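Coordinates in review
Each chain, letter by letter, is given below.
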Amino acid sequence: MKSTPAATTLTTCAYCGVGCGVSMQPQGDAFSASGIKNHPANLGRLCVKGSALGETLDLQGRLLQPEIDRQPVSWAQALDAVAERLRAIISEYGPQAVAFYGSGQLLTEDYYVANKLMKGFIGAGNMDTNSRLCMASAVVGYKRAFGADAVPCRYQDLEQADCVLLTGSNTAWAHPVVYQRLAQAKKDRPEMRIIVIDPRQTATCDIADMHLALRPGSDAALFCGVLNAMAKCGRLDSDFLQQHTLGAAETLRAASEWTLARTAEFCGLAEEQLRDFYRLIGGSERLVTLYSMGINQSSSGVDKCNAIINLHLATGQIGREGCGPFSITGQPNAMGGREVGGLANQLACHMGFTPEDISRVGRFWGSDSVSQSAGLNAVDLFRAVEEGRIKAVWIMGTNPLVSLPDADRVRAGLARCPLVIVSDIMRDTDTTRAAHICLPALGWGEKNGTVTNSERCISRQRAFLPAPGEAKPDWWILSQVAQRLGFADAFAWQHPAEIFREHAALSGFENHGSRAFDISGLAQLSNAEWDGLQPIQWPVNAANPQGTARLFTDKRFYHPDGKARLIAVTPRLPLNAPSGAYPLVMNTGRVRDQWHTMTRTGKSARLMQHLSEPFCQFHPDDAPQIRTGDLLRVSSSHGWLLLRAQPDPLQPRGSVFVPMHWNSNFSQQARVDALIEAHVDPLSGQPESKHMPVSLRRWRAAWQAKLFVRGENNVPPLTPYWSRITQPGIAHFTLADSSRPTDWLAWVNEQYPTAGLICQTADLGDDGFSLLAWCEGELQLAFYARRRAPSVDRQAVVAAFSAPPQTAPQRLALLAGRAGSDKAPTGAIICSCFSVGEIPIADAVRQGCRSVQQLGDALKCGTNCGSCIPELKKIIAAQLSTLAAGEVK
Ligand SMILES: Nc1nc2c(c(=O)[nH]1)N[C@H]1C(S)=C(S)[C@@H](COP(=O)(O)OP(=O)(O)OC[C@H]3O[C@@H](n4cnc5c(=O)[nH]c(N)nc54)[C@H](O)[C@@H]3O)O[C@H]1N2
Ligand SMILES: Nc1nc2c(c(=O)[nH]1)N[C@H]1C(S)=C(S)[C@@H](COP(=O)(O)OP(=O)(O)OC[C@H]3O[C@@H](n4cnc5c(=O)[nH]c(N)nc54)[C@H](O)[C@@H]3O)O[C@H]1N2
Ligand code: SF4
Ligand SMILES: [Mo]
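The shown structure was predicted, so the numbers you read here are calculated from the model rather than taken from an experiment.

Let us now look at the overall build of the protein chain. Across its full length, the protein chain holds 28 helices and 34 strands. A compact globule built from 889 residues should have a C-alpha radius of gyration of about 29 Å, and the protein chain, at 27 Å, falls within 12% of that. Here the C-alpha coordinates of the protein chain stretch approximately 85 × 70 × 55 Å along the principal axes. Going through the 889 residues of the protein chain one by one, you find that 63% of them count as buried. When the accessible surface of the protein chain is totalled, it reaches about 31,400 Å², and 51% of it is carbon and sulfur.

Below is the structure:
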């Protein structure tokens, strides 16, 4: 049971790197979320995931007690076991035989402790993080250019720019509040230009003046081309280049090869469009380039980042209002991880493994066993596990058996590892199932600490729920193990504020302006001041006591000579090219309403209404034999998936899109990373997650079905294809099989016994079979099998579980998968905030609604978070063109 606190709690959203301020208000024994008006990241806004935060707080599925070999144990037993087994491995094989794998979803305080324990006291560099899959390339790009991993911009710059380039970023879905701010800015200043660079036409294109659907992986050439064009038309800032940079001549020489014709050809774009693009860039005084996974997740991601930064340096569009190369972070504390040194090639607080840094950190921590060298990056780390070089791995706050490339191989490697420890909030994930010891962590709303967002803004995550079961904060778990390993003095904290102060002090220790990350101005906060900390952007130090919104306004960079570097790059395409066997390229990424491997957002029925099955989008010409409603097998050289086919004429030819989210609790065969080869960027170690050659084949289902069984915990059916759709109190599956049972009732009974229930069936012969099973007037199970994907009114069936139909005609309608009342079906839910479906939206357009605003007035859709506005516009356009076609006829 949750106890209800008296007051509202101000905290920071659990999800993306926008880092919105959220106010959680108690409402009965639940909570509702609203945006904090004066939080600099969101100014009161929230997206649909943020608005649904209150719906993912239940304890269903939580890991609430430590476990060894899946058996519950006490904390003392678990911590002793972790320490003893780690100690035994270290004493037999040395510190290099152990590794930690962390996450940008840990709080800064947790992260600091994990890093300190591994790199400072166990004495190996092997602490890496899922940020390796996310922003490692951006980090190296910034370091090469500026001498520090320092994001120059603030969100306001996006609003103040003349031109915003969004490249490799589906901002509308992945950073919705930044998208909303941009959309508003464009409304206020219609002369502002927004350009989307993405092989796909995404929801983000909705506010774009131009969409460059370039060849996947060709961004570096595009940025070399535009740099060359700017040089040719005299748009370079030669004073800035001369006084504040090095490397310009070489970089411009390399770029000069990227003529209009060559760039157009390499990027697969029309020369005319490219010329327009150059004209827009050349005409802008203030340019922001916002970039994300379409740039970073590449075997040449670092070069792409530097190609972007080169353009900004060469035109002097940095360190000024409305300017800058802005790598947007993904996770709520991705930036915090970069600050503490969570990547294996960093030591701590923006220090690396130079002798001076090792000595400095060793003196600060009071340790003479600080690791002398960088550790293994994520992909190599799990290879070392597979090869037996690493014998113990502690995974915290990440689900690598779903999110790492070549995930099946990682799983096989982990199965051979003598000691796998996992700290998580959920009991049953792909990764916890591979663990010897599971440690229950406190989740969002229960834990206390700080996070840093994309614009370097540190905000507090505050607890408003009591600790459930035996769950503990990650920092506490790590400190307890450290104490048992003999490092009691260095890990004796009682409160996260103490850790924060230590981290802040280290950031300023012997810094003297040499390291960008400096929050020494916060090193003296009392516990109460830490608790009440208002959002503040780093650096925060004696020179900048109020924090720093924008970096490099003084044109001084962090290389010892104070100058930035332009880096000559050689554009390269993805390492794996399509071939005869695998002729299409698989692009992977996010959908609007799910978060990563779905361990949290998968709990919300509302969030699953938008897209409820794992899918593959492809251009109809690439697989004309596969139609909507089919299932398809996507294969690569590494594995295969079974997904719902979504032919889409907007998808570029030759490229398919598969979401990264579905884990094996939600679908039988949909973990996309099982298909992806672990090619990495040589400089950043970041995997090429968005470019994997695949082939598509229709998977011939003899039948497909919808199944609803009372009780959420029911196991999935034994069929080659199934997907789980979240529904409180009900297990709801879509399923399919390749051979047809001779006796349907017997088949259902094998999976979900209906003995003693009253069964109502409809045998449709070749067309399928329906079954309703009742117990004392309550619906227990509903099953609809058809030759193709059955059309079933989900809301009507779900409603029948709590309000069974009363009349015979209504029961018959239910047996046919329809509502027995006049209530119209809604179709797929477009607006998740108000559960408005596509059918009523389309009806409203036919009845005269011509704009998003009119739809909002009529149905409320799009009036809360606005994430569905691009889709509303699509429906309006589609309906209007159908209406127009009708008129022409
Ligand atoms: N809803 C939701 N939001 C999230 C997350 C989530 O799981 N769900 N996760 C968060 C995290 S950790 C991250 S890192 C961010 C990621 O945020 P984004 O990077 O915006 O998200 P993705 O969908 O991974 O990829 C962005 C786009 O890159 C495009 N792309 C692929 N290849 C190329 C290419 O070669 N060139 C260019 N220019 N574009 C290409 C894809 O088509 C895709 O539209 O999202 C954060 N926000
Ligand atoms: N193909 C492909 N693969 C990708 C990507 C892609 O675009 N395409 N994107 C990559 C990117 S950018 C990212 S960031 C990763 C994300 O991938 P993951 O990090 O693997 O994804 P999550 O589902 O966020 O995993 C977080 C885990 O931590 C648990 N957790 C939540 N809160 C806490 C807490 O407070 N403490 C602890 N100990 N555990 C907690 C959750 O239950 C969950 O199991 O995926 C990467 N993989
Ligand atoms: S934009 Fe990101 S941080 Fe803001 S509410 Fe949505 S998920 Fe949360
Ligand atoms: Mo990420």
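By secondary structure assignment, the location of Asp 303 is in helix α14 (residues 301-314). Accessibility expressed as a relative area gives 13% for Asp 303, which makes it buried. A polar side-chain atom of Asp 303 sits 3.3 Å from a polar atom in the side chain of Arg 572. Once you skip the residues sitting within four places of it in the chain, Asp 303 turns out to touch Arg 144, Val 569, Thr 570 and Arg 572.

A few words now on the site of ligand 2. Residues in close proximity to ligand 2 total 31 residues, the closest being Gln 105, Ser 403, Asp 424, Lys 447 and Thr 597. Within the contact set of ligand 2, an oxygen atom lies 3.1 Å away from a backbone nitrogen or oxygen of Leu 442. Between a nitrogen atom of ligand 2 and a side-chain N or O atom of Thr 588, the distance comes to 2.8 Å. Coverage of ligand 2 by the protein chains reaches 99% of its 920 Å² of free accessible surface. Of the residues that constitute the shell around ligand 2, the class distribution is 11 nonpolar, 14 polar and 6 charged.

Applying the stated criterion across every chain yields a total of 31 aromatic pairs. Both rings, one in Phe 121 and one in Phe 487, keep their centres 5.3 Å apart while their planes meet at 55°; by these two values the pair is tilted. One end of the pair, Phe 121, is in helix α3 (residues 108-122); the other, Phe 487, is in the loop between α20 (474-484) and α21 (496-508), and 366 residues separate them in sequence. Since its relative accessible area comes to 10%, Phe 121 is described here as buried. Between Trp 703 and Trp 744, the ring centres sit 4.9 Å apart and the planes meet at 85°, which makes this aromatic pair edge-to-face. Of this pair, Trp 703 sits in strand β27 (residues 703-710) while Trp 744 sits in helix α23 (residues 744-751); the two residues are 41 residues apart in sequence, bridging distant segments of the chain. Pair check on accessibility: Trp 703 and Trp 744 agree, each one buried. In this structure an aromatic cluster arises from ring pairing among Tyr 112, Phe 121, Trp 365, Phe 487, Phe 491 and Trp 493. When the ring centre of Trp 538 is taken as origin, the NZ or CZ atom of Arg 456, which lies over that ring, is 5.7 Å away. Between the NZ or CZ atom of Arg 460 and the centre of the ring of Trp 530, over which it lies, the distance is 3.9 Å.

This part covers the sheet that holds strand β5 (residues 71-72). Read from one edge of the open sheet, 7 strands run β5-β4-β16-β15-β14-β6-β7, paired in mixed fashion. Looking at strand neighbours, the two that pair on one side only are β5 and β7 (127-129), the edges of this open sheet. With 4 bridges joining them, strand β6 (residues 98-102) and strand β14 (residues 392-396) adopt parallel strand pairing. Following the sheet pairing, Tyr 101 is matched in β14 by Ile 395.

Moving on: the site of ligand 3. In the vicinity of ligand 3, the contacting residues are Cys 13, Tyr 15, Cys 16, Gly 19, Cys 20, Leu 46, Cys 47, Lys 49, Gly 50, Pro 176 and Val 177. Where the shell around ligand 3 is concerned, the elements lending two or more residues are α1 (48-51) and α7 (176-188). For the shell around ligand 3, the class distribution of residues is 8 nonpolar, 2 polar and 1 charged.

Classification of Trp 703 as buried rests on a relative accessible area of 0%. A distance of 3.0 Å separates the side chain of Trp 703 from the backbone oxygen of Ser 739, its partner in a polar contact.

One way to put it is that helix α2 (residues 75-93) packs onto α20 with a least axis distance of 9 Å and a crossing angle of 55°. Put simply, α2 runs oblique to α20. For the pair α2 and α20, the crossing hand works out as right-handed. Between α2 and α20, the residues in contact are Trp 75, Ala 76, Leu 79, Asp 80, Val 82, Ala 83, Leu 86 and Arg 87 and Trp 476, Ile 477, Gln 480, Val 481 and Arg 484, respectively. Broken down by class, the residue content of the contact of α2 with α20 amounts to 9 nonpolar, 1 polar and 3 charged.

Along strand β22 (residues 615-618), one buried face is formed by Phe 615 and Gln 617 and the opposite face, lined by Cys 616 and Phe 618, is buried too. Bridge count for β22 against strand β24 (residues 640-647) is 4 bridges, and the pairing is parallel. Bridging from a neighbouring strand, Phe 618 pairs with Pro 647 of β24.

In this section: the domain arrangement of the protein chain. By the assigned domains, the protein chain splits into domain 1 (9-56), domain 2 (83-133 + 333-508), domain 3 (136-327), domain 4 (584-699), domain 5 (703-815) and domain 6 (829-888). Relative to domain 4, the C-alpha centre of domain 1 lies at a distance of 29 Å. Across the boundary between the two partners, domain 1 contributes 9 residues, which contact 10 residues of domain 4. Together, the buried faces of domain 1 and domain 4 total about 900 Å²; carbon and sulfur atoms form 62% of this surface. One can count 1 salt bridge joining domain 1 with domain 4. In this structure, Arg 606 engages Glu 55 in a salt bridge whose closest nitrogen and oxygen atoms are separated by 2.6 Å. At the junction of domain 1 and domain 4, the tally comes to 3 residue pairs in polar contact (both at pLDDT 80 or more). Tallied by class, residues from the side of domain 1 that touches domain 4 come to 5 nonpolar, 2 polar and 2 charged.

Grouped together as the largest cluster of nonpolar side chains are 173 residues, with contacts concentrated most on Phe 100, Phe 146, Phe 277, Ile 281 and Trp 394. Of the residues forming this core, the biggest block, 9 residues, is contributed by helix α8 (residues 219-232). In this structure Phe 146 touches Pro 152, Ile 309, Leu 313, Ile 318, Pro 325, Phe 552, Phe 557, Tyr 558, His 559 and Ala 564, once residues within four positions along its chain are discounted. Core analysis: the second largest hydrophobic core is formed by 27 residues, Leu 584, Phe 618, Val 634 and Val 672 among them.

According to the stated counting rule, one finds 45 salt bridges in the structure shown. Among the salt bridges present, the one from Asp 430 reaches Arg 433, with a minimum N-O distance of 3.6 Å. By relative accessible area, Arg 433 is classed as partly exposed at 37%. Several salt bridges share partner residues, and in doing so they unite Glu 67, Arg 70, Asp 408, Arg 411, Arg 427, Asp 428, Asp 430, Arg 433 and Arg 671 into one network.

Quick look at the environment of Ser 520 now. Within the secondary structure layout, Ser 520 lies in the loop between α21 and α22 (527-531). In the structure, Ser 520 is positioned 25 residues away from Pro 545 in sequence and 9.3 Å away in space, judged by C-alpha atoms. Apart from the residues within four sequence positions on either side, Ser 520 is in contact with Ala 504, Ser 507, Gly 508, Val 540 and Asn 541.

Below, the discussion takes up the environment of Cys 323. Here Cys 323 shows up in the loop between α14 and β13 (324-327). A sequence separation of 133 residues divides Cys 323 from Arg 456, and the C-alpha atoms of the two residues are 16 Å apart. The residues touching Cys 323, leaving out its near neighbours within four places in the chain, are Cys 153, Asp 157, Glu 285, Arg 286, Leu 287, Val 288, Gln 317 and Ile 318.

What counts, and at which threshold
- Residues numbered from 1 in each chain as written.
- Chains lettered and ligands numbered in written order.
- Predicted model: local features only at pLDDT ≥ 70, side-chain atom pairs only at ≥ 80, totals over all residues.
- Heavy atoms only, no water.
- Helix = DSSP H or I, 4+ residues; strand = E, 2+ residues; numbered from the N terminus.
- Rg over C-alpha atoms; globule rule 2.2 N^0.38 Å.
- Buried < 20%, exposed > 50% of the residue type's maximum accessible area, 1.4 Å probe, protein only.
- Areas by Shrake-Rupley, 256 points an atom, 1.4 Å probe, with all protein chains shown as cover.
- Polar contact = N/O pair within 3.5 Å; in protein donor to acceptor, adjacent residues only side chain to side chain.
- Contact = heavy atoms within 4.5 Å.
- Near = heavy atom within 4 Å.
- Nonpolar A, V, L, I, M, F, W, Y, C, P; charged D, E, K, R; others polar.
- Phe/Tyr/Trp six-rings, centres within 6.5 Å; stacked < 30°, edge-to-face > 60°.
- Lys NZ or Arg CZ within 6 Å of the ring centre and 35° of its normal.
- Pairing = 2+ DSSP bridges.
- Axes fitted to C-alpha atoms, helices over the stretch in contact; angles between N-to-C directions.
- Parallel < 35°, antiparallel > 145°, perpendicular 65-115°, else oblique.
- Left-handed = near helix turned anticlockwise from the far one by under 90°.
- Domains from an automatic or database assignment.
- Buried area = accessible area lost by both parts, 1.4 Å probe.
- Salt bridge = Lys/Arg side-chain N within 4 Å of Asp/Glu carboxyl O.
- Core = buried A, V, L, I, M, F, W, Y, C linked by side-chain atoms within 4.5 Å.

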